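A closer look at the structure
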Amino acid sequence: MLQPIGDRVIVKVKEEEEKTVGGIVLASNAKEKPTEGEVVAIGQGNFADNGDKIPMTVKKGDVVLYDKYSGTDVKYEGEKYLVLHEKDILAIVE
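Please read all numbers here as calculations on a predicted model, not as lab measurements.

Glancing now at the sheet that holds strand E1 (residues 8–13). Sheet architecture is open: 6 strands sit in the order E6-E7-E1-E2-E5-E8, paired in antiparallel fashion. If you trace the sheet from one side to the other, it starts and ends with strand E6 (72–76) and strand E8 (89–93), each paired once. With strand direction ignored, the average angle separating the axes of adjacent strands in the sheet is 40 degrees. Sheet topology note: the strand E5 (residues 63–66)/E8 ladder contains 4 bridges and is antiparallel. Each residue of the ladder has a partner; that of Leu 65, found in E8, is Ala 91.

To continue, consider the nonpolar core. Formed by Val 9, Val 11, Val 13, Val 39, Met 56, Val 58, Val 64, Tyr 66, Leu 82, Leu 84 and Ile 89, the largest nonpolar core amounts to 11 residues. Ranked by residues supplied to this core, first place goes to E1 with 3 residues. Excluding residues within four positions of it along the chain, Ile 89 makes contact with Val 9, Val 58, Val 64, Leu 65, Tyr 66 and Leu 84.

Turning next to the pairing of E6. As paired strands, E6 and strand E7 (residues 79–85) are joined by 5 bridges and run antiparallel to one another. What sits directly across from Thr 72, in E7, is Val 83. The turn linking E6 back onto E7 is made up of 2 residues, and Glu 77 within it adopts a positive phi angle of 50 degrees.

To continue, consider the side chain of Asp 62. Summarising the element assignment, Asp 62 is placed in the loop between strand E4 (53–54) and E5. A polar contact is formed between the side chain of Asp 62 and the backbone nitrogen of Lys 59, at a distance of 2.9 Å.

On the surface, Leu 65, Leu 90 and Val 93 cluster together to form a nonpolar patch covering roughly 250 Å² of accessible area. Locating Val 93 in the fold gives a position in strand E8. On the accessibility criterion, Val 93 (37% relative accessible area) is partly exposed.

Here is what the cut-offs are and how they apply
- Residues numbered from 1 in each chain as written.
- Predicted model: local features only at pLDDT ≥ 70, side-chain atom pairs only at ≥ 80, totals over all residues.
- Heavy atoms only, no water.
- Pairing = 2+ DSSP bridges.
- Helix = DSSP H or I, 4+ residues; strand = E, 2+ residues; numbered from the N terminus.
- Axes fitted to C-alpha atoms, helices over the stretch in contact; angles between N-to-C directions.
- Core = buried A, V, L, I, M, F, W, Y, C linked by side-chain atoms within 4.5 Å.
- Buried < 20%, exposed > 50% of the residue type's maximum accessible area, 1.4 Å probe, protein only.
- Contact = heavy atoms within 4.5 Å.
- Polar contact = N/O pair within 3.5 Å; in protein donor to acceptor, adjacent residues only side chain to side chain.
- Patch = residues over 30% accessible without salt bridge, like charges linked within 9 Å, V, L, I, M, F, W, Y side chains within 5 Å.
- Areas by Shrake-Rupley, 256 points an atom, 1.4 Å probe, with all protein chains shown as cover.
- Salt bridge = Lys/Arg side-chain N within 4 Å of Asp/Glu carboxyl O.

Here it is, written out as structure tokens:
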């Protein structure tokens, strides 16, 4: 598995539905970019100016909402992931 560094987080992107409520199949370019996924790995966190370690807010297994245009898309062992900074995560879904 990939291991992020610093304050980076690896998220398994939740795929959007390919059909609308009315049953119409959407073309891939008509679908919106997903903004929800599950955290599969976290980095060790950053350090403050005084040298103290800043703990990560999210943990493995959290379902999160993230900024639509943030992060870097990565394909690893046939799966799609998104690598982003923790600051790009907007909320944890409970």
